[in-house]
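Chain by chain, the residues run as shown.
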Amino acid sequence: MIEVFPDQESLSRATAELFAAEAGRAEAAHGRFAVLLAGGETPRRTYELLAEEPLRHRVPWGRVHIFWGDERCVPPEDPRSNVRMARRALLDRVPVPAGQIHPIAGDLPPRQAAAAYEAALRAFFGPELPRFDLVLLGLGADGHTASLFPCSLALDERERWTAVTQRANEEIKRITVTAPLLNRAALVVFLVTGAEKAAVLQEVLESSPEPHRHPAQLVKPAHGAVRWLVDRAAARLLRPGL
Ligand SMILES: O=C(O)[C@H](O)[C@@H](O)[C@H](O)[C@H](O)COP(=O)(O)O
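As recorded in an unreviewed UniProt entry, the protein goes by 6-phosphogluconolactonase and comes from Geotalea uraniireducens. In UniProt, the protein has this text filed under Catalytic activity (unreviewed entry): "6-phospho-D-glucono-1,5-lactone + H2O = 6-phospho-D-gluconate + H(+)". UniProt, in the comment section headed Function (unreviewed entry), describes the protein in these words: "Hydrolysis of 6-phosphogluconolactone to 6-phosphogluconate."

**Student:** Can you walk me through the site of the ligand in this structure?
**Tutor:** Every one of the 15 residues lining the ligand counts as a neighbour, but Thr 42, Asp 70, Arg 72, Ala 146 and Lys 197 are closest to it. Within the contact set of the ligand, an oxygen atom lies 3.3 Å away from a side-chain nitrogen or oxygen of Arg 174. At 2.7 Å, a side-chain N or O of Lys 197 approaches an oxygen atom of the ligand. Relative to its unbound accessible surface of 410 Å², the ligand loses 88% to contact with the protein. Split into classes, the residues belonging to the shell around the ligand amount to two nonpolar, eight polar and five charged.

**Student:** I tried to follow the packing of aromatic side chains on my own but got confused; where do I start?
**Tutor:** A ring pair, where both rings are aromatic, is described by two values, the distance of the centres and the angle of the planes. One pass over the structure, following the stated rule, counts nine aromatic pairs. Both rings, one in Phe 190 and one in Trp 228, keep their centres 4.0 Å apart while their planes meet at 5 degrees; by these two values the pair is stacked. Of the two residues, Phe 190 sits in strand S8 (residues 187-192) while Trp 228 sits in strand S9 (residues 225-231), which places them 38 residues apart along the sequence. When sorted by exposure, Phe 190 lands in the same class as Trp 228, which is buried. Each residue in the set Phe 67, Tyr 117, Phe 124, Phe 125 and Phe 132 is aromatic and connected to the rest through ring pairs, giving one cluster. Over the ring of Trp 161 we find Arg 122; its NZ or CZ atom is 3.9 Å from the centre of that ring.

**Student:** When you look at the confidence of the model for the protein in this model, what are you seeing that I'm missing?
**Tutor:** Regions with low pLDDT carry predicted coordinates that are not meant to be interpreted in detail. The share of residues in the protein with pLDDT of 70 or more is 100%, and the mean pLDDT across the chain is 97. Here the predicted complex scores 0.98 on pTM and 0.98 on ipTM.

**Student:** Looking at this model, I keep getting lost on the sheet that holds S9. Mind explaining?
**Tutor:** The strands making up a sheet associate through hydrogen bonds between their backbones, and the pairing can be parallel or antiparallel. Read across the sheet, six strands follow the order S1-S9-S8-S5-S2-S3 without closing on themselves; strand pairing throughout is parallel. With one partner strand each, in any of the chains shown, strand S1 (2-5) and strand S3 (64-68) form the two edges of the open sheet. Ignoring strand direction, the axes of neighbouring strands in this sheet form an average angle of 20 degrees. Direction of pairing for S1 relative to S9: parallel, over a ladder of four bridges. Note on S9: the bridge partner recorded for Glu 3 is Leu 229. In the packing of helix H6 (residues 198-206) onto the sheet, contacts are made with S1, S8 and S9, and the angle to S9 comes to roughly 155 degrees.

**Student:** I'm lost on helix H1 (residues 8-30) in this one. Help?
**Tutor:** An α-helix turns once every 3.6 residues. As a result, residues three or four positions apart point the same way. In this model, H1 (23 residues) spans 32 Å end to end at C-alpha, consistent with the 33 Å of a helix rising 1.5 Å per residue. All buried positions along H1 are accounted for by Leu 11, Ser 12, Ala 14, Thr 15, Ala 16, Leu 18, Phe 19, Ala 20, Glu 22, Ala 23 and Ala 26. Buried residues along H1 sit against S1, strand S2 (33-37), helix H2 (44-50), strand S5 (134-137), S8 and S9. Residue Gly 31 follows H1 closely and has a positive phi angle near 80 degrees.

**Student:** How do you make sense of the side chain of Glu 71 when you look at a structure like this?
**Tutor:** The topology assignment puts Glu 71 in strand S4 (residues 70-72). The side chain of Glu 71 is buried and forms no salt bridge, while Arg 72, the nearest opposite charge, is found at 5.0 Å. Of the polar contacts made by the side chain of Glu 71, one reaches the backbone nitrogen of Asn 82; its length is 2.6 Å. Within the structure, Glu 71 has its side chain in polar contact with the backbone nitrogen of Val 83 (distance 3.1 Å). Leave out the neighbours within four places in its chain, and Glu 71 touches Arg 80, Ser 81, Asn 82, Val 83, Ile 104, Gly 106, Arg 174 and Ile 175.

About the cut-offs
- Residues numbered from 1 in each chain as written.
- Predicted model: local features only at pLDDT ≥ 70, side-chain atom pairs only at ≥ 80, totals over all residues.
- Heavy atoms only, no water.
- UniProt positions renumbered as here; feature names shortened; annotations may be inferred.
- Near = heavy atom within 4 Å.
- Polar contact = N/O pair within 3.5 Å; in protein donor to acceptor, adjacent residues only side chain to side chain.
- Areas by Shrake-Rupley, 256 points an atom, 1.4 Å probe, with all protein chains shown as cover.
- Nonpolar A, V, L, I, M, F, W, Y, C, P; charged D, E, K, R; others polar.
- Phe/Tyr/Trp six-rings, centres within 6.5 Å; stacked < 30°, edge-to-face > 60°.
- Helix = DSSP H or I, 4+ residues; strand = E, 2+ residues; numbered from the N terminus.
- Buried < 20%, exposed > 50% of the residue type's maximum accessible area, 1.4 Å probe, protein only.
- Lys NZ or Arg CZ within 6 Å of the ring centre and 35° of its normal.
- pLDDT = per-residue confidence, 0-100.
- Pairing = 2+ DSSP bridges.
- Axes fitted to C-alpha atoms, helices over the stretch in contact; angles between N-to-C directions.
- Contact = heavy atoms within 4.5 Å.
- Expected span 1.5 Å × (residues − 1).
- Lys, Arg positive; Asp, Glu negative; His and termini not counted.
- Salt bridge = Lys/Arg side-chain N within 4 Å of Asp/Glu carboxyl O.

Here's what the structure looks like:
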């Protein structure tokens, strides 16, 4: 399902409202809301809106459990950190109990960080593959999502829930969740804005599946839904009515 919004602000507002609605639904259904946050820049405004009136009062923060889809292997205060971005935009401003925030430790050696994060996931969800109520994902201009980059070994990981990856021409490593975890989600929401994403969005949504070229095409939850929230600039090359 693809929803086109006039601009990033209206997309961010709709995403924040969806987050609040899903949180209320999950809490009513099973007493908690487990969400996987996206990194990068696109979700920042959504997180800010969730911390502000009126939405801040619509989310049962005491029942919310926060995880991340990926993190850069940088210190916690590094401006590139996805955990830092979400803390500053949202988590430092709403009453989620500290024990319900499960950051990826970007300052650990990468393999140790991936193992520690997988242990945190297992501690919370148990031995079964985690089923998140909501997964927020972005889309890179190269078709990546989370930190699942084209042609990376992590794309074929079917056992582990986390992996160490590295983006081409980027000196740092990254920790990412893997496709099996993403594909257990109840609801996956891709957030895509900006004219620079128009070409890749068209390829991901309209070209034949080539997940090693466009890892976002790996995301097809067997028992869940995928929604694409895109702005008009990113959607400009899509077939009408897609
Ligand atoms: O750590 C990251 O960078 C994200 O997890 C990554 O998958 C991001 O969602 C896309 O690269 C889009 O990034 P923008 O939202 O900044 O365009």
